[in-house]
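Architecture and fold: a report
Chain by chain, the residues:
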Amino acid sequence: LKLQRERITEIVRSFKGSVDIFDVINETTVSAKSDNAIGRWVKAEGATRVVDEVLNLAHEANPQAKLLYNDFNLSVDFETVVAELQQAKAPMDSLG
């Protein structure tokens, strides 16, 4: 998880001023079914917590960036994550 956190910060910071719109994370509502880095992270901490954290990491790396959370699974799970992110005032500018 340390590497994922560092990678998000590194990418957003290094492109600051050149690319200021980031699709920060995708498909967290189904990621727990995958045995990859994001899937394991979502299994360990939950989709909302992971999305909130990566949005905040990206925002800290570039406060002017527009940040997107994207998920193809437009379901009750997605709606729940979005509602919880809004309650937490996560720095989310757009949904996809």
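Here the structure is a predicted model, which is why all the values come from computation and not from measurement.

Take N62: it is sitting in the loop between helix 4 (47–61) and strand 2 (66–70). Setting aside chain neighbours within four positions, we find N62 in contact with V12, K16, G17, V19 and D20.

What follows concerns the packing of helix 1 (residues 2–14) against helix 4. Running from N to C, helix 1 and helix 4 point in directions that differ by 35°, and their axes come no closer than 8 Å. For the element pair helix 1 and helix 4, the recorded crossing hand is right-handed. Counted together, R5, I8, T9, V12 and R13 of helix 1 and E53, V54, L57, A58 and A61 of helix 4 form the full contact between these two elements. Across the contact of helix 1 with helix 4, the residue classes break down as six nonpolar, one polar and three charged.

So, about the confidence of the model for the protein. With 100% of its residues at a pLDDT of at least 70, the protein reaches an overall mean of 93. Within the protein, the lowest mean pLDDT, 88, falls on helix 2 (residues 28–31), and the highest, 96, falls on helix 4.

So, on to the pairing of strand 2. With five bridges joining them, strand 1 (residues 21–26) and strand 2 adopt parallel strand pairing. The residue bridging D23 from the neighbouring strand is L68, located in strand 2. With two bridges joining them, strand 2 and strand 3 (residues 94–95) adopt parallel strand pairing. Residue pairing across strands places L68 opposite S94, the latter belonging to strand 3. Taking the sense of rotation as the criterion, the β-α-β connection linking strand 2, helix 5 (residues 76–87) and strand 3 turns out right-handed.

Reading the values: rules and limits
- Residues numbered from 1 in each chain as written.
- Predicted model: local features only at pLDDT ≥ 70, side-chain atom pairs only at ≥ 80, totals over all residues.
- Heavy atoms only, no water.
- Helix = DSSP H or I, 4+ residues; strand = E, 2+ residues; numbered from the N terminus.
- Contact = heavy atoms within 4.5 Å.
- Axes fitted to C-alpha atoms, helices over the stretch in contact; angles between N-to-C directions.
- Left-handed = near helix turned anticlockwise from the far one by under 90°.
- Nonpolar A, V, L, I, M, F, W, Y, C, P; charged D, E, K, R; others polar.
- pLDDT = per-residue confidence, 0-100.
- Pairing = 2+ DSSP bridges.
- Right-handed = clockwise from strand over helix to strand, strands pointing away.

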